[in-house]
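Structure assessment
So you can see what is in the structure, the chains are spelled out below.
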Amino acid sequence: GIASGNPVGAVLGAVMAGYAADLLGRRKALLLNSVFLNVGWILMAAAPSQHCFLVGRVAVGVGVGAGSVVANVFLAEISPVSIRGSIGSLFGTVGNLGILVSILLSMPQVIGDSDIGWRLAFAFPTLLVLFQAAVLMYCPDTPQYLASIKQDVEGAVMSLSKFRKVVSDQEVNDLNRIYGDDDCSRAADRVLTFREILSDSGHRLALVIGVLLHCARQLSGVSAVYNY
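Heads up: these notes are all about the structure in this document. Remember, predicted model here, so these are calculated numbers, not experimental data. (Residues numbered from 1 in each chain as written. Predicted model: local features only at pLDDT ≥ 70, side-chain atom pairs only at ≥ 80, totals over all residues. Heavy atoms only, no water.)

1. Some remarks on the overall build of the chain
What counts, and what does not: Secondary structure elements follow DSSP: runs of H or I no shorter than four residues count as helices, runs of E no shorter than two count as strands, and numbering proceeds from the N terminus. The rule is simple: take the accessible area with a 1.4 Å probe, protein chains only, and divide by the maximum for that residue type; under 20% is buried, over 50% is exposed, in between is partly exposed. When checking whether two residues touch, look at their non-hydrogen atoms; a contact exists if any pair is within 4.5 Å. The method behind every accessible area is Shrake-Rupley, applied with a 1.4 Å probe, and residues are considered shielded solely by the protein chains displayed. Under the counting rule used here, the positive set is Lys and Arg, the negative set is Asp and Glu, and His together with the chain ends is not counted. Note that the charge is assigned to NZ on lysines, CZ on arginines, CG on aspartates and CD on glutamates.
The secondary structure content of the chain amounts to 14 helices and 0 strands. Walking the chain from its N terminus toward its C terminus, one meets helices and strands in the order α-α-α-α-α-α-α-α-α-α-α-α-α-α. The dimensions of the chain, computed from C-alpha atoms along their principal axes, are 60 × 40 × 30 Å. Across the 228 residues of the chain, 30% fall into the buried class. For the chain, long-range pairs separated by at least 24 residues make up 63% of all intrachain contacts whose partners lie at least 6 apart in sequence. Surface summary for the chain: the accessible area is close to 14300 Å², and the carbon and sulfur share equals 69%. Charge separation in the chain, taken as the distance between the mean sites of 16 positive and 16 negative side-chain charges, equals 5 Å.

Next up, the structure:
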């Protein structure tokens, strides 16, 4: 049905997100993601038929799936180690808050019973996406991306200075040591195979915990509440 368009798009977006983030950079990947989101919201808001609405749902799903991956990477790579976990948790909290706000906005008491009401409710998120894109235009890419993928340690330090009021010598040394042009950098950039992840107890435990958390979320039935 129409409701299934969002999760289908989210799967596609999540699969493509990692490649886009490495190829284009975290910032440009998020800007591209804004295009999918706004195209989807506009299609749904102006949909003349169910088929058009479904295409919009898929497009927004792509944006949600890709955004969930790239935004978390972006936040993790610009956050100080001391608050990185809190920032990651805040992403999920704000996401759920957004769902709550969208439910409240879609109530008949807010949007009314006319045809234009629900269309305005679907058009409203485009303003938030445009705001996100405007902010990203003034942000540099993440220090880790510039140093590890682009091999631009000087640019990475400049990027770090824009995200910090004070850049510590330790952070600069870490960029030079971990992401410099040496064997350590190449080892850090190597992508682990699925077999290597399963064979290492630490990676295997993290994978199992992540999978179980997502399974528990789906088995809780919360997606049925969202779609309803």
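Moving on, there is more to tell.
2. What to know about a nonpolar patch on the surface
Stated formally: Any residue with relative accessible area above 30% and no salt bridge may belong to a patch, with like charges joined within 9 Å and the nonpolar Val, Leu, Ile, Met, Phe, Trp and Tyr side chains within 5 Å. Salt bridges are defined by distance alone: a side-chain nitrogen of Lys or Arg within 4 Å of a carboxyl oxygen of Asp or Glu.
A surface patch of nonpolar side chains, about 960 Å² in accessible area, is lined by Leu97, Leu100, Val101, Leu104, Leu105, Met107, Val110, Phe124, Leu127, Leu128 and Leu130. Broken down by element, the nonpolar patch gets its largest block of residues, 5 residues, from helix H4 (residues 84-105).

3. Notes on the environment of Asn173
Mapped onto the secondary structure, Asn173 falls in helix H10 (residues 169-179). C-alpha of Asn173 to C-alpha of Val157: the two residues are 16 residues apart in sequence and 9.8 Å apart in space.

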